[in-house]
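# A closer look at the structure
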Amino acid sequence: MNLKLVERIVNALLYEGYILYPYRASAIKNRQRWNFGVIYPQDYSLSQGGAEASSMQTECLLLGGRRAKLDVKIRFLHLLARTAGADLHAAEPLEIGATIPAAWQEAVEREVDAPGIDLSEIVAEPRRMTFAFPAMREATPLLDSGGQAVGVIARRQQFIEGTVEVAAERAGDGLFKVAVRILNLTPVEDACRKSRDEALMRSLISTHTILGVRRGEFVSLLDPPEQFREAAAGCRNIGAWPALVGEEGERDCLLSSPIILYDYPQVAPESAGDFYDGTEIDELLTLRVMTMTDHEKQEMRLVDERARQILERTETLSPERLMKLHGAARSLRRFGGAKR
């Protein structure tokens, strides 16, 4: 398994949509975020009549013997609310200025890791794992250009908890169906009165499941061999879709993502870094950032470290690197037997 390649794909998807051009907190498209892979608390989901998902399920096919071992990793973002105020408990935010950042939802990466699960054990009985991440509240001084404290930057996180269940069943000779189900069990009082933003603070965001196997191999659900097509059609995936990842032809790793992918997805080698918007192209976004006014760039700097990195990378991009973004031919094929 090419772990470096897999991690690059996962990281790109984990932050998909984190912040969109024009990379400012005031932009309308950045006021309602977190649309991919959200697992809401069960209490909130029930209060919404089930319209908001409180679970995610991945089912896939695995070829192997009972000695096969599974490595399961769940990755998601845990929101961190940031505000600027006169003190930690200020009800009113400070007026946004040249050095005062706007309110923003940052994110902390979380992992739930379950390595070395025996396939034979989860065929006999599903493995259920619980996880929890604590609430947090902190404050740092907010300084003006002269170094004087004018307020505080407050950050807070809500407690979240949930379960991951891993199960397997026989689906044929040497074929197994593996299921991974994630459930958000975070308690929410008066859930029917909570806003979407309040619920998101207790949610799993951009949730992904990574499956690895030893002494076995996964079967593509996009293009299964003929003898496995019926079993593949019987796999039920809810909120995510599994695709093979790694080097072309490898079958020891699956990534189940809320964004549907083909098998063996790749990040373009010409890309110098994330723009958090996979529906666009790096060249277009680079040129758009270059056209920003000084005021717009300053607002972008105040969003968070990820936005600042986009701006700094763009402003220091060499002409040679910019030209590489213009396009690339991945493969050339001759059609109809014509010679040229």
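Please refer to the structure placed before this passage.
Summary of the structure given here. Note on numbering: residues in each chain are counted from 1, in written sequence order. Only residues with pLDDT of at least 70 are given local features in this predicted model, and only at 80 or more are side-chain atom pairs given and counted; all residues enter the totals for whole chains, interfaces and linings. As a rule here, side-chain values cover all heavy atoms of the structure and leave hydrogens and water aside.

## Focus: the overall build of the protein chain
A count of helical and extended segments in the protein chain gives nine helices and 10 strands. Residues classed as buried in the protein chain amount to 45% of the 340 residues present. When checking whether two residues touch, look at their non-hydrogen atoms; a contact exists if any pair is within 4.5 Å. For the protein chain, restricting intrachain contacts to residue pairs at least 6 apart in sequence, the fraction spanning at least 24 positions comes to 74%. For the area figures, the Shrake-Rupley method with a 1.4 Å probe applies, and any residue is considered shielded solely by the protein chains shown. Carbon and sulfur atoms make up 50% of the accessible area of the protein chain, which amounts to about 18,100 Å² in all. Numbering of helices and strands runs from the N terminus; a helix is a DSSP stretch of H or I covering at least four residues, while a strand is a stretch of E covering at least two. Each residue's exposure class comes from its accessible area (1.4 Å probe, protein chains only) as a fraction of the maximum for that residue type: buried when under 20%, exposed when over 50%, partly exposed otherwise.

## Focus: the pairing of strand 6 (residues 160-172)
The rule for pairing is simple: two strands pair if DSSP sees at least two bridges between them. Note: strand 3 (residues 127-133) against strand 6, seven bridges, orientation antiparallel. Looking across to strand 6, one finds that Phe133 is bridged to Ile160. What sits between strand 6 and strand 7 (residues 175-184) in their antiparallel hairpin is a turn of two residues, with Gly174 showing a positive phi close to 75°.

## Things to note about unusual backbone geometry
Along the chain, Tyr21 connects to Pro22 via a cis peptide bond; the corresponding omega equals 15°. Along the chain, the position of Pro22 falls in the loop between helix 1 (3-14) and helix 2 (42-47). With a phi angle near 60°, Arg215 is a residue other than glycine that sits in the positive phi range. Among the structural elements, Arg215 can be located in strand 8 (residues 205-219). Unlike most non-glycine residues, Tyr276 shows phi in positive territory, near 65°. Its place among the elements puts Tyr276 in the loop between strand 10 (253-257) and helix 6 (282-290). Residue classification places Tyr276 among the buried positions, given a relative accessible area of 6%.

## Examining the packing of helix 7 (residues 294-301) against helix 8 (residues 305-315)
Orientation is described by axes fitted as lines to C-alpha atoms, over the contacting stretch for helices, and by angles from 0 to 180 degrees between their N-to-C directions. Between helix 7 and helix 8, whose axes approach to 7 Å, the crossing angle comes to 135°. Classified by the interaxial angle, the pair formed by helix 7 and helix 8 is oblique. Counting all contacts with helix 7, which are made through Lys297, Met300 and Arg301, the residues of helix 8 involved are Ala307, Arg308, Ile310, Leu311 and Glu315. Among the residues forming the contact of helix 7 with helix 8, the class breakdown is four nonpolar, no polar and four charged. Any angle that is under 35 degrees is reported as roughly parallel, and any over 145 degrees as roughly antiparallel; angles of 65 to 115 degrees are reported as roughly perpendicular and all others as oblique. Charged residues are taken to be Asp, Glu, Lys and Arg, nonpolar residues to be Ala, Val, Leu, Ile, Met, Phe, Trp, Tyr, Cys and Pro, and polar residues to be all remaining types, Gly included.

## What to know about the side chain of Glu59
By the secondary structure assignment, Glu59 is in strand 1 (residues 55-85). Given a relative accessible area of 12%, Glu59 falls into the buried group. Throughout this description, a polar contact denotes any pair of N or O atoms lying within 3.5 Å of each other; where both atoms belong to protein, one of them has to be capable of donating a hydrogen while the other can accept it, and for residues adjacent in sequence the pair is counted only when both atoms sit in side chains. A polar contact of 3.5 Å, which involves the side chain of Glu59, links it to the side chain of Gln57. The contact partners of Glu59, leaving out residues within four places of it in the chain, are Lys177, Val178, Ala179, Leu221, Gly234, Cys235, Arg236, Asn237 and Pro242.

## Remarks on the environment of Phe275
Position of Phe275 relative to the elements: it lies in the loop between strand 10 and helix 6. Not counting residues up to four positions away in its chain, the partners in contact with Phe275 are Ile19, Tyr23, Asp282, Leu285, Thr286, Ile310, Arg313 and Thr314.

## Digging into the pattern of salt bridges
The salt bridge definition used is simple: a Lys or Arg side-chain nitrogen within 4 Å of an Asp or Glu carboxyl oxygen. All told, the structure shown has 18 salt bridges when counted by the stated rule. Between Lys73 and Glu111 there is a salt bridge, with the nearest N and O atoms lying 3.9 Å from each other. Pair noted here: Lys73 is in strand 1 and Glu111 is in strand 2 (residues 104-118), with a separation of 38 residues, a long-range link. Among the charged side chains, a salt-bridge network with shared partners connects Glu7, Lys73, Arg75, Glu109 and Glu111.

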